[in-house]
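# Observations on the model geometry
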Amino acid sequence: SELIRGFLLSGMPCPSSCPPGLLALMAPGLALMATFSLPSQAGDRRALPVEKPPGVKGRTLILLDVNTKSPVRIISENFLSLQLDPSIIHDGWLDFLRCVSLQSHTQAAVIAALRINKARTSHLHHLLDKAKVNGSQRLAISLFSFPFAVDIVRSDIALDKQKGCKIAQHPDIMLELQREKAAQMHLVLLKEQFSNTYSNLTLTARSLDKLYNFADCSGLHLIFALNALRRNPNNSWNSSNALSLLKYSASKKYNISWELGNEPNNYRTLIGRSVNGSQLGKDYIQLRSLLQLIRTYSRANLYGPNIGRPRKNVIALLEGFMKVAGSTVDAVTWQHYYIDGRVAKVTDFLKTRLLDTLSDQIRKIQKVLNTYTPGKKIWLEGVGATSAGGMNNLSDSYAAGFLWLNTLGLLASQGIDVVVRHSFLDHGHNHLVDQNFNPLPDYWLSLLYKRLIGPKVLAIHVAGLQRKPRPGRVIRDKLRIYAHCTSYHNHNYVRGSITLYIINLHRSRKKIKLAGTLRDKIVHQYLLQPYGKDGLHSKSVQLNGQPLAMVDDGTLPELKPRPLRAGRTLVIPPLTMSFYVVKNVNALACRYR
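Below is a summary of the structure that appears in this document. (Residues numbered from 1 in each chain as written. Predicted model: local features only at pLDDT ≥ 70, side-chain atom pairs only at ≥ 80, totals over all residues. Heavy atoms only, no water.)

## Things to note about the overall build of the protein chain
The following threshold applies: Where helices and strands are cited, they refer to DSSP runs of H or I of at least four residues and of E of at least two residues respectively, numbered from the N terminus. Partly exposed residues are those whose accessible area sits between 20% and 50% of the maximum for their type, while under 20% is buried and over 50% is exposed, using a 1.4 Å probe and protein chains only. The method behind every accessible area is Shrake-Rupley, applied with a 1.4 Å probe, and residues are considered shielded solely by the protein chains displayed.
Looking only at helices and strands, the protein chain features 13 helices and 24 strands. When each of the 593 residues of the protein chain is scored for burial, the buried share is 62%. Only carbon and sulfur atoms are counted for the fraction: they give 51% of the accessible area of the protein chain, which is about 23,200 Å².

Have a look at this one:
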């Protein structure tokens with residue numbers, strides 16, 4: 001699916017024995033980046049105010065126009081990227097990724113990246129074992145003491161002869177056994193997350209080969225986070241095992257970008273001692289020096305420091321890091337999770353105050369970078385609706401889409417270059433596909449986004465009815481509207497077309513009249529609503545009234561728009577998300593790449 005390809009993946013056809021659904025998910029439409037303010041008219045506002053025109057009373061129609069002359073932001077072609085949790089290594093799903101090499105797509109040659117990083121990645125240490133296993137050396141990458149590590153090391157050997165993009169075949173019984181194993185492991189992983197203590201996981205050379213083979217055959221670029229928790233007595237980074245991994249990867253000529261650690265603000269909890277920003281910067285300089293010593297990686301990209309939520313102490317850490325190593329990294333990264341998954345409820349996803357917390361964080365990060373490295377790219381390299389693995393029927397439901405789509409709109413409008421969604425497939429309930437490889441609501445949202453939204457962000461002008469503010473109360477708009485040039489990779493629309501995406505958090509429908517350059521144009525509607533009796537808790541969605549589901553094991557359904565006649569008012573149902581392609585606008589900002 002294009003989600004695994006920037007959401008577009010390319011690869012060999014998958015046989016019928018592949019797990020149902022997973023292959024089509026990486027079929028035409030999505031990309032996995034193995035990855036990721038201006039004034040009010042610049043289009044980067046947190047919410048779009050709808051102001052009441054003077055002299056107009058009782059008006060319920062919202063007038064919408066877009067500045068089509070020039071974009072206010074241009075984001076990366078890989079803006080929407082994906083992340084895999086290292087848990088796929090020890091819960092068994094890594095073996096099934098080899099069924100997921102997506103078929104090449106004649107359109108949308110979007111390069112993507114697959115990012116391997118999360119809390120457990122901070123515990124990775126890289127052990128070069130000189131012992132022979134069935135005649136092959138093995139390289140083990142461990143994450144604390146995982147009880148099955150010995151068995152994995154004993155059975156895994158390096159795939160020295162692995163070439164091409166071969167697709168693994170798994171009988172149905174193997175898939176059922178894997179789901180049972182993963183369900184048991186899910187409980188273990190949740191316990192580790194809540195206690196913030198992690199067991200050991202061993203990644204052998206064979207596992208690394210499988211991971212890279214999956215990314216490479218899917219047209220993805222791999223970003224790998226090295227362990228930063230191995231420290232010398234003076235608290236500097238011990239890079240000996242990382243060097244072994246780098247040398248092994250270089251010997252295989254693996255094209256990988258690198259990171260160091262994960263959420264350094266939590267190191268005291270993990271290893272009993274903290275690492276300040278200055279020392280962290282020195283660690284990154286040390287890693288850059290290592291990469292320059294290895295010809296394969298002398299020009300490799302390096303990202304970091306992947307801090308957590310920018311509270312006061314975290315901002316201080318980031319400032320110390322930027323002073324020392326701001327010029328060393330190619331992009332500055334941080335993470336954001338909206339809600340504690342242990343206490344979330346469906347109404348949380350409808351709170352505009354919650355949606356706006358991300359905008360506050362963006363400004364904090366930008367303020368630091370503008371001080372030390374103006375113009376440095378920023379990535380949100382780990383984002384999800386909820387922390388702690390999410391919550392069933394909430395973070396994997398239709399309701400979570402409000403947060404996800406608004407996240408994409410806010411980040412693009414405020415100039416964040418890449419967002420890496422956690423996660424494509426793993427334990428918990430923040431992922432895009434379930435363990436039966438069925439797409440969840442956020443997958444369909446992401447797929448539509450990749451197919452319809454281009455990298456050029458446009459400014460919006462809105463006028464309409466707004467309730468009067470009460471003293472001491474801030475009005476946070478429940479109607480969110482964003483605009484981009486339509487994706488150049490979508491050949492259903494000529495260049496110069498514009499795509500709007502709209503979130504309606506009101507419990508009543510809203511009417512929007514296109515004005516100015518958008519007036520009297522034919523519009524294609526892509527309206528996503530929950531499907532079934534579960535409402536906002538639903539894990540299924542319908543597009544323009546038609547349920548979305550896999551056609552067969554390897555085929556995504558056609559995402560058919562509903563054409564609206566020129567000049568027709570857009571009617572936005574309550575509690576919905578929608579995309580509208582305004583055709584043939586001939587927008588100057590959108591004619592050229």
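Don't stop here, the text continues.
## Looking at the nonpolar core
Definition in use: Remark: nonpolar core denotes a set of buried residues (Ala, Val, Leu, Ile, Met, Phe, Trp, Tyr, Cys) joined through side-chain atoms within 4.5 Å. Delimitation of the domains relies on an automatic or database domain assignment.
Trp-258, Tyr-297, Trp-334, Tyr-449 and Phe-579 are the most contacted members of the largest nonpolar core, which has 115 residues in total. For this core, the leading source of residues is helix α12 (residues 400-413), giving nine residues. Per-domain counts for this core show at least three residues from each of domain 1 (61-74 + 457-590) and domain 2 (80-126 + 164-455).

## Concerning the side chain of Ser-236
Definition in use: We call two N or O atoms a polar contact when they sit within 3.5 Å, provided that within protein one can donate a hydrogen and the other can accept it, with sequence-adjacent residues counted only if both atoms are side-chain atoms. We call two residues in contact whenever any of their non-hydrogen atoms come within 4.5 Å of each other.
Here Ser-236 lies in the loop between β8 (220-226) and α6 (240-251). Judged by its relative accessible area of 15%, Ser-236 falls in the buried class. Looking at Ser-236, its side chain comes within polar contact range of the side chain of Asn-234, at 2.6 Å. Residues in contact with Ser-236, not counting those within four places in the same chain, are Arg-230, Arg-231, Gln-279 and Asp-283.

## Observations regarding the packing of aromatic side chains
What counts here: Stacked, edge-to-face and tilted labels apply to pairs of Phe, Tyr and Trp rings (six-membered ring for Trp) whose centres lie within 6.5 Å, assigned for plane angles under 30 degrees, over 60, and everything in between, in that order. Working rule: Lys NZ or Arg CZ, within 6 Å of ring centre, within 35 degrees of ring normal, means a charge sits over the ring.
Applying the stated criterion across every chain, the model contains eleven aromatic pairs. Centre to centre, the rings of Tyr-398 and Phe-402 are 5.7 Å apart; their planes meet at 85°, and the pair counts as edge-to-face. Residue Tyr-398 is classed as buried on the basis of its relative accessible area of 1%. Seen from their ring centres, Tyr-443 and Trp-444 are 5.6 Å apart, and the 85° between their planes marks the pair as edge-to-face. With a relative accessible area of 0%, Tyr-443 lands in the buried category. Grouping aromatic residues by their ring pairs yields a cluster made of Phe-79, Tyr-449, Tyr-482, Tyr-501 and Phe-579. The residue whose ring lies beneath Arg-421 is Trp-404, and the NZ or CZ to ring-centre distance is 4.8 Å.

## Concerning the sheet that holds strand β1 (residues 61-66)
For clarity, the cut-off: In short, DSSP must find at least two bridges between two strands for them to pair. Axis definition: a line fitted to C-alpha atoms, over the contacting stretch in the case of helices. Angles run 0 to 180 degrees between N-to-C directions.
Taken in spatial order, the four strands line up as β15-β1-β18-β23 in an open sheet, and their pairing is mixed. For this open sheet the edge positions go to β15 (460-463) and β23 (570-572), each flanked by a neighbour on one side alone. Each neighbouring strand pair of the sheet contributes to a mean axis angle of 30°, computed without reference to strand direction. In this sheet, β15 lies alongside β1 in antiparallel orientation, the contact comprising four bridges. Each residue of the ladder has a partner; that of Leu-64, found in β15, is Val-462.

## Considerations on the environment of Ser-70
Relative to the assigned elements, Ser-70 resides in the loop between β1 and β2 (73-74). On the basis of relative accessible area, Ser-70 is assigned to the partly exposed category, the value being 39%. Measuring from C-alpha to C-alpha, the distance between Ser-70 and Ala-587 comes to 8.6 Å, with 517 residues separating the pair along the chain.

## Comments concerning the side chain of Thr-576
By the secondary structure assignment, Thr-576 is in strand β24 (residues 576-582). Taking relative accessible area as the criterion, Thr-576 reaches 2% and is therefore assigned buried. Among residues more than four places away in sequence, those in contact with Thr-576 are Tyr-398, Phe-402, Ile-502, Ile-503, Asn-504, Leu-527, Leu-528 and Gln-529.

## A few points about the pairing of strand β16 (residues 479-486)
Counting buried residues along β16, eight of its eight residues qualify, which places the element largely inside the surrounding structure. Bridge count between strand β14 (residues 453-458) and β16: three bridges; the pairing is antiparallel. Looking at the pairing, Ile-453 lines up with Thr-486 of β16. As paired strands, β16 and strand β17 (residues 498-504) are joined by seven bridges and run antiparallel to one another. Counterpart to Ala-483 in the pairing with β17 is Leu-500.

## What about helix α5 (residues 205-217)?
Every α-helical turn comprises 3.6 residues, leaving residues that sit three or four positions apart pointing alike. To keep it simple, the criterion reads: Between the first and last residue of a helix there are one fewer steps than residues, each counted as 1.5 Å, and that sum is the expected span.
Its 13 residues place the ends of α5 18 Å apart at the C-alpha level, agreeing with the 18 Å of an ideal helix rising 1.5 Å per residue. Most of α5 sits out of view: eleven of its 13 residues are buried. Listing the buried residues of α5 in full gives Ala-205, Ser-207, Leu-208, Asp-209, Lys-210, Leu-211, Tyr-212, Asn-213, Phe-214, Ala-215 and Cys-217. Phi turns positive, to about 75°, at Gly-219, one or two residues after α5.

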